[in-house]
Amino acid sequence: MKETIKSKQRFAEAQKVMPGGVNSPVRAFKAVGLDPLFIERAQGSQIYDIDGNSYIDYVCSWGPLILGHAHPQIVKALCQAAERGTSYGAPCEKEVELAQLISQAIPSIEQLRMVNSGTEATMSAARLARAFTGRDKILKFEGCYHGHADSFLIKAGSGLLTAGVPTSPGIPVDYVKNTLVTGYNDIDSLQDIFEQWGQDIAAVIVEPIAGNMGLIVPDTAFLVELRKITEHYGTLLIFDEVISGFRTCYGAYQNLIDIKPDITTLGKIIGGGLPVGAYGGRRDIMERVAPAGDVYQAGTLSGNPLAMAAGLATLQILRDNDYYTDLEELGGLLSQGIIELLQNQGLDYRLNHWGSMFSLFFIREEVRNYSAAVSSDTVRFSKFYRVLLEEGVYFPPSQFEVCFISTAHSRKDIEETLQAVEKALYISQLG
Ligand SMILES: *Cc1c(COP(=O)(O)O)cnc(C)c1O
């Protein structure tokens, strides 16, 4: 057994001064019935806990670290930036450079605004869409997570799925009445909702690849219909690409399927491991944002030189290397390997996979929406998880999160991971 006594002690202390001992719910490992590990340092594909154990990391800070931990060029960019001051509260050149890079890589983004998290990005995008259309309603999909702003905490995924909380107290009913929810991948329900409410819907927000109820890749026809129906009703289409942006290609998933949303929200990778989000889109819409327009949105640390330096270094590296092909190869290797292990053990669980992202669902049916995802056998998942961790492989501690591969993962990492998965699958079936 791995010794984790120091993490346990720290967690006991943490629970006294922080709710649940953590600063973000899923980190607490509740869903898998364990105490969380406290991380001392991380390098490449490896994380090290304070008891001296090392793990191959497939959380990658929940998505941002596509280049792995402490990439030398990003560390260097950060050190250089820090020496020049960490925040000015005034414009700096790197903000413009990062905005230019993003806008060049994602053609639908003619203008953008930097914020400090994905939550801020989607919250601000919703305000902007409501102002621009003069309508109040937002349509979202079951199991999609768009951060923790009030209007989105309805049938949201991520930590809320894990905790089994369909929504959160503290949100006025009056608020929620303006959020419509329907099934992911369900074109018929989408059309029904628009028939009834179409003229009142300011925006539809969607993860074009869903990554917060485990990984679900939608039918492109569903996204095409979304574009068509929103155009017809004068509703704005918001693609929440906080995960998929610069994860699926150098740009966003919309580039690959050739659909232009009106607004795109970004985060995670564009901050290179620092707190960043961004929203951007059509110029005529973005020009409603203050001070160009009348829709207020601000941020003391927005566009700060540290975050911009990390984001800029990350995107430059991704632009100048053909890493997406490598990532796809590694992802294919691992996914194919897991599928073979499942077959060998006579298990028909579902592996959803796209590029460098994957989720193993402990369920036999195809997983194409929220209701399928939540019928997963989370007890078996927990068993599987515990063995995996013991074997030195760190997956997200929940059935409903995505595993991420970084450019720092090696073929040897993949092989070791497959060995651990083989054992964990086997033990998960006992008893
Ligand atoms: C992570 C995430 C968010 C929220 O971003 P934070 O930086 O955690 O606020 C929003 N949308 C999607 C799709 C995400 O995956």
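Residues numbered from 1 in each chain as written. Predicted model: local features only at pLDDT ≥ 70, side-chain atom pairs only at ≥ 80, totals over all residues. Heavy atoms only, no water.

Student: What exactly am I supposed to notice about the sheet that holds strand S4 (residues 111–115) here?
Tutor: Pairing between the strands of a sheet is mediated by backbone hydrogen bonds and can be parallel or antiparallel. Taken together, the seven strands give an open sheet; going across it, the order is S4-S10-S9-S8-S7-S5-S6, and neighbouring strands pair in mixed fashion. Edge positions in the sheet fall to S4 and strand S6 (179–182), since each has one partner strand and no second. With direction set aside, neighbouring strand axes in the sheet form an average angle of 20°. (Pairing = 2+ DSSP bridges. Helix = DSSP H or I, 4+ residues; strand = E, 2+ residues; numbered from the N terminus. Axes fitted to C-alpha atoms, helices over the stretch in contact; angles between N-to-C directions.)

Student: Hey, could you run me through the pairing of strand S11 (residues 350–354) in this one?
Tutor: The side chains of a regular strand alternate, first on one face of the sheet and then on the other. Here S11 runs beside strand S12 (residues 357–361); their pairing, made up of five bridges, is antiparallel. Note that in S12 the partner of Asn352 across the bridge is Ser359. If you look at the hairpin formed by S11 and S12, you'll find two residues sitting between the two strands, and Gly355 has a positive phi there, around 55°.

Student: Explain the site of the ligand here, please?
Tutor: The ligand sits among Ser117, Gly118, Thr119, Tyr145, His146, Gly147, Glu207, Asn212, Asp240, Val242, Ile243 and Lys268. With respect to the ligand, the side chain of Asp240 contributes an N or O atom lying 2.7 Å from a nitrogen atom. Contact with the protein chains hides 84% of the accessible area of the ligand, taken as 380 Å² for the molecule alone. Grouping the amino acids of the shell around the ligand by side-chain chemistry returns three nonpolar, six polar and three charged. (Near = heavy atom within 4 Å. Polar contact = N/O pair within 3.5 Å; in protein donor to acceptor, adjacent residues only side chain to side chain. Areas by Shrake-Rupley, 256 points an atom, 1.4 Å probe, with all protein chains shown as cover. Nonpolar A, V, L, I, M, F, W, Y, C, P; charged D, E, K, R; others polar.)

Student: Help me out: how do you make sense of the sheet that holds strand S2 (residues 46–49) in this one?
Tutor: In space, the four strands of this open sheet follow the order S1-S2-S3-S13, with mixed pairing throughout. Strands at the two margins of the open sheet, each flanked by one partner only, are strand S1 (39–43) and strand S13 (393–394). Bridging between strand S3 (residues 54–57) and S13 involves two bridges; their strand directions are parallel. Residue pairing for S13: Asp57 is matched across the bridge by Tyr394.

Student: Teacher, can you tell me more about the domain arrangement of the protein here?
Tutor: Much of the literature gives interface size as the accessible area that the parts lose upon coming together. The assigned domain composition of the protein is domain 1 (5–70 + 322–429) and domain 2 (72–320). Taking only C-alpha atoms into account, the centre of domain 1 sits 25 Å from that of domain 2. Taken together, the contacts link 32 residues of domain 1 with 36 residues of domain 2. Here domain 1 and domain 2 share an interface that buries about 2900 Å² over both sides, 67% of which is from carbon and sulfur atoms. For the domain 1 face of the interface with domain 2, the top three residues by lost area are Tyr324, Trp354 and Tyr370, together amounting to 26%. Linking domain 1 with domain 2 are one salt bridge, by the criterion used here. Residue Asp219 is joined to Arg368 by a salt bridge in which the shortest nitrogen-to-oxygen separation is 2.4 Å. The tally of links between domain 1 and domain 2 comes to 10 residue pairs in polar contact (both at pLDDT 80 or more). Among the elements of the structure, helix H12 (323–344), S11, S12 and helix H13 (370–374) are those that each provide at least two residues to the side of domain 1 that touches domain 2. (Domains from an automatic or database assignment. Contact = heavy atoms within 4.5 Å. Buried area = accessible area lost by both parts, 1.4 Å probe. Salt bridge = Lys/Arg side-chain N within 4 Å of Asp/Glu carboxyl O.)

Student: Whenever I open this one, the environment of Leu425 confuses me. Can you help?
Tutor: Within the secondary structure, Leu425 sits in helix H15 (residues 411–428). The exposure class of Leu425 is buried, given its relative accessible area of 0%. Considering only alpha carbons, one finds Leu425 and Lys383, 42 residues apart in sequence, at a separation of 8.6 Å. Once you skip the residues sitting within four places of it in the chain, Leu425 turns out to touch Leu341, Leu342, Gln345, Leu347, Leu360, Phe362 and Phe384. (Buried < 20%, exposed > 50% of the residue type's maximum accessible area, 1.4 Å probe, protein only.)

Student: Please clarify how unusual backbone geometry should be interpreted in this entry.
Tutor: Across residues other than glycine, the phi torsion is negative in most instances, and most of the peptide bonds are trans. Cis geometry marks the peptide bond from Ala290 to Pro291; its omega dihedral reads 5°. By the secondary structure assignment, Pro291 is in the loop between helix H10 (283–286) and helix H11 (305–320). Positive phi, close to 70°, is recorded for Trp62, a residue that is not glycine. By the element assignment, Trp62 lies in the loop between S3 and helix H2 (72–83). A relative accessible area of 22% places Trp62 in the partly exposed class. Backbone geometry at Phe246 places phi at a positive 65°, although glycine is not the residue there. One can find Phe246 in the loop between strand S8 (236–240) and helix H9 (253–257).

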